[in-house]
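# Summary of structural features
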Amino acid sequence: DARDLALAQELARQAALAIDNARLYREAQHAVRLREEFLSIASHELKTPISALQLQVQILLSTLDRSPSGPSPERLRRSLDTVDRQVRRQTQLINDLLDVSRISAGRLQLRPEPMELSSLAREVAERFEPELARAGSSLQLQLSSEVAGQWDRLRLDQVVTNLLSNAVKYGRGNPIQLVTSVEDSHVRLSVKDGGIGIAEEDLKRLFNRFERAVSERNYGGFGLGLWIARQIIEAMGGRIQVESQLGVGSTFTVELPRPPA
Ligand code: ADP
């Protein structure tokens, strides 16, 4: 009768609430765990370049102590190469942290200017030559001739740099492809690697803050780059997506609205 029905409805409502609460609780727990993991990774990642720098300085000082003519040119070059690489890495990590706090506070400011996407892609690609050589990898460019628009050049550079550095890092030395194209309503840039790939269940989470795929726990990294990339691209009115297969490779694609003709 009516009383039973009302009771049943009330029970169903309570059950739905309980399920909802359990889900919220699990999500909160996950967020807390990510934050704790992040803090320990961050301190480790920030300390590693410093230790490497200190080691090189000690090596050079001790060669100076032993022989007054100082280290050989090759020795000096090797040390300076390491110092250069580690300082870059440290700067990158710190810039990522600054970006996260800037974006989280809603202070990401875009400065659009007339530019051409394929030439930006070529420029970033050239910058990657030493890194590609070190990884034993290569980069194939497939660039559409004219992809003009108004975008924040530095921020777009940052996104392409992040995608390429991930492709090198997780690419297992296999060739990488960088493609630009013009579609009806948007322009597209994609970076394809033949690397470790990403498991299905990790795909959705990659663009979240602090998230890193299970398959790459031994590569090191903050898990911030893709989150920052997504924030930048979405602020530009575009979107960023990934297709991947574990053990086969990944393709990250950026789409930006095409400017009115
Ligand atoms: P980071 O590489 O510093 O950890 P990112 O935000 O750039 O942070 O990437 C987040 C995670 O996405 C990485 O930890 C890695 O698990 C995964 N990932 C990103 N790019 C690739 C790729 N090209 N191939 C496989 N996994 C990737």
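Residues numbered from 1 in each chain as written. Predicted model: local features only at pLDDT ≥ 70, side-chain atom pairs only at ≥ 80, totals over all residues. Heavy atoms only, no water.

### Things to note about the packing of helix α3 (residues 117–127) against helix α5 (residues 153–169)
Contact pair α3 / α5: the axes reach a minimum separation of 10 Å and the direction vectors enclose 50°. Relative to α5, the element α3 is oriented oblique. Here α3 and α5 pass one another in a crossing that is right-handed. Residues Leu 117, Ser 119, Leu 120, Glu 123, Val 124, Ala 125 and Arg 127 of α3 form the contact with α5, whose own contacting residues are Arg 153, Leu 156, Asp 157, Val 160, Thr 161 and Leu 164. Its residues assigned to classes, the contact of α3 with α5 shows 7 nonpolar, 2 polar and 4 charged. (Axes fitted to C-alpha atoms, helices over the stretch in contact; angles between N-to-C directions. Helix = DSSP H or I, 4+ residues; strand = E, 2+ residues; numbered from the N terminus. Parallel < 35°, antiparallel > 145°, perpendicular 65-115°, else oblique. Left-handed = near helix turned anticlockwise from the far one by under 90°. Contact = heavy atoms within 4.5 Å. Nonpolar A, V, L, I, M, F, W, Y, C, P; charged D, E, K, R; others polar.)

### Some remarks on the packing of aromatic side chains
Scanning the entire structure with this criterion turns up 1 aromatic pair. On the numbers, 6.2 Å between centres and 70° between planes, the contact of Phe 207 with Phe 252 is edge-to-face. Here Phe 207 is found in the loop between α6 (200–203) and α7 (225–235), whereas its partner Phe 252 is found in strand β7 (residues 249–257), with 45 residues between them in sequence. Per residue, the accessibility class of Phe 207 equals that of Phe 252, and both read buried. (Phe/Tyr/Trp six-rings, centres within 6.5 Å; stacked < 30°, edge-to-face > 60°. Buried < 20%, exposed > 50% of the residue type's maximum accessible area, 1.4 Å probe, protein only.)

### Topic: the sheet that holds β7
Within the open sheet, the 5 strands sit side by side as β2-β4-β5-β7-β6. Their pairing is mixed. Because the sheet does not close on itself, it has two edges, and the strands there are β2 (139–142) and β6 (239–245). Pairwise comparison of adjacent strand axes, ignoring direction, gives a mean angle of 15° for this sheet. Of the strand pairs in this sheet, β2 and strand β4 (residues 176–182) are connected by 4 bridges, and their pairing is parallel. Residue pairing across strands places Gln 142 opposite Val 179, the latter belonging to β4. (Pairing = 2+ DSSP bridges.)

### Some points on the pattern of salt bridges
Using the criterion set out here, one finds 14 salt bridges in the structure. For Glu 27, the salt bridge identified is with Arg 23, shortest N-O distance 3.1 Å. With Glu 27 and Arg 23 both in helix α1 (residues 2–66), this residue pair falls 4 residues apart, about one helical turn. The partly exposed category is assigned to Glu 27, whose relative accessible area is 43%. (Salt bridge = Lys/Arg side-chain N within 4 Å of Asp/Glu carboxyl O.)

### Some thoughts on the confidence of the model for the chain
Per-chain confidence: the chain averages 89 in pLDDT, with 95% of residues scoring 70 or above. Both scores are available for the predicted complex, with the pTM at 0.81 and the ipTM at 0.97. (pLDDT = per-residue confidence, 0-100.)

### A few points about the packing of helix α2 (residues 73–104) against α7
Put simply, α2 and α7 touch, their axes get as near as 10 Å, and they point 45° apart. When the axis of α2 is compared with that of α7, the two are oblique. Of the two elements, α2 crosses α7, and the hand of that crossing is left-handed. Two secondary-structure elements touch here, α2 through Asp 96, Asp 99, Val 100, Ile 103 and Ser 104 and α7 through Gly 225, Trp 227, Ile 228 and Gln 231. The class makeup of the residues in the contact of α2 with α7 is 4 nonpolar, 3 polar and 2 charged.

### Some thoughts on the environment of Ser 144
Counting through the fold element by element, Ser 144 comes out in the loop between β2 and β3 (148–151). When the C-alpha atoms of Ser 144 and Leu 189 are compared, they prove to be 9.7 Å apart, with 45 residues separating the residues in sequence. Discounting chain neighbours no more than four positions away, the residues touching Ser 144 are Ser 118, Thr 180, Ser 181 and Val 182.

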